Amino acid sequence: SYANRSQTLAMSPKLAIQKASDDNWIYKAAIGRAYRFPTVTELFQSINTGSALTINNPALKPETTNSSELTAEKTFDAGQLRMSLFNENLHNALLSQKTTVDGAPDITTITNVDHVRTNGLTFAFQHTDVGIKGLDMTGSVTYARARTIKNSLAPATEGKGYPGVPDWRATWVGTYHPSDKWAWTLAARYSGNQAYQLDNLDINRNTYGSNSRYVVLDTRVTWSATKDIKLAIGVDNLNNETYYAYHPMPMRTLHAELQAKF
């Protein structure tokens, strides 16, 4: 039996201001608050896997996020540039933490990390007909610095990088349309250094149980036979990169798709 608890109201306000200039620049400022309540699994599920035990935590508090962003966008005839500065203060972050010392049985539980702060910068672009007609490109680069500011359960983790947030992340997508019926896409994804453990002691990141740095290429060819029938074939992880997001991620994968509307 558990003691009764209730929390039925969480306000998530947002305020945004936008200013457009005569030279096709748009400036935006936004602030907002969001909540995430703990799930039934996080509150009540206990799992025993071998010698590892995950215990439940019915006293979890909901996450609260206060976010702000400053954005400048420049629009051209054939594209757009965007730069954003962002800040996030996350309180009572829900995260699995190890609650035993080394050498003892491996016991973990979902807990609230008191305060996590993330600051970052994003640069993004999109452009059509790059060099030749029918070649479109989009891309983005993001730098994020996420740090555990306060963690009452494990003060030694304060000041460390927060798990699951890579320091650098980048994407690039190029699509060539030789005709109205054909499209060929090549995409690249990069994720930089990121920890899996709050104490950042998982220094060997390219292994099971950690988060890897990786570069992955994907490609896809699409043929529109008619306006209602489309055939596509593609390859994910074209370069057959070995990388982990705790678990090993899929190697080179071939996929095909047939789409019909009627």
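In case you missed it, the structure is sitting above this.
Each value, and the rule that gives it
Residues numbered from 1 in each chain as written. Predicted model: local features only at pLDDT ≥ 70, side-chain atom pairs only at ≥ 80, totals over all residues. Heavy atoms only, no water. Helix = DSSP H or I, 4+ residues; strand = E, 2+ residues; numbered from the N terminus. Rg over C-alpha atoms; globule rule 2.2 N^0.38 Å. Buried < 20%, exposed > 50% of the residue type's maximum accessible area, 1.4 Å probe, protein only. Contact = heavy atoms within 4.5 Å. Areas by Shrake-Rupley, 256 points an atom, 1.4 Å probe, with all protein chains shown as cover. Lys, Arg positive; Asp, Glu negative; His and termini not counted. Charge placed at Lys NZ, Arg CZ, Asp CG, Glu CD. Polar contact = N/O pair within 3.5 Å; in protein donor to acceptor, adjacent residues only side chain to side chain. Patch = residues over 30% accessible without salt bridge, like charges linked within 9 Å, V, L, I, M, F, W, Y side chains within 5 Å. Salt bridge = Lys/Arg side-chain N within 4 Å of Asp/Glu carboxyl O.

## A closer look at the overall build of the chain
Counting secondary structure elements, the chain contains one helix and 15 strands. Relative to a compact globule of 262 residues, whose C-alpha radius of gyration would be 18 Å, the chain shows 23 Å and is clearly more extended. With the C-alpha coordinates of the chain rotated into their principal frame, the extents come out at 65 × 50 × 40 Å. In the chain, buried positions account for 29% of the 262 residues. Contacts in the chain between residues far apart in sequence, at least 24 positions, make up 54% of those at least 6 positions apart. Put simply, the chain shows about 16600 Å² of open surface, and 58% of that area lies on carbon and sulfur atoms. Computed over 26 positive and 23 negative side-chain charges, the separation of the two mean positions in the chain equals 3 Å.

## Thoughts on the side chain of H115
Relative to the helices and strands, H115 is located in strand β7 (residues 106–127). Classification of H115 as buried rests on a relative accessible area of 14%. For H115, the side chain forms a polar contact with the side chain of N89, separated by 2.8 Å.

## Points about a nonpolar patch on the surface
A contiguous nonpolar patch, built from L70, F76, L81, M83, L85, L121, F123, V141, Y143 and W168 and spanning about 890 Å² of accessible area, is present on the exposed surface. Considering each element in turn, the nonpolar patch owes the most residues, three residues, to strand β6 (residues 79–98). You can see F76 is positioned in the loop between β5 (63–75) and β6. Given the relative accessible area of 40%, F76 is considered partly exposed.

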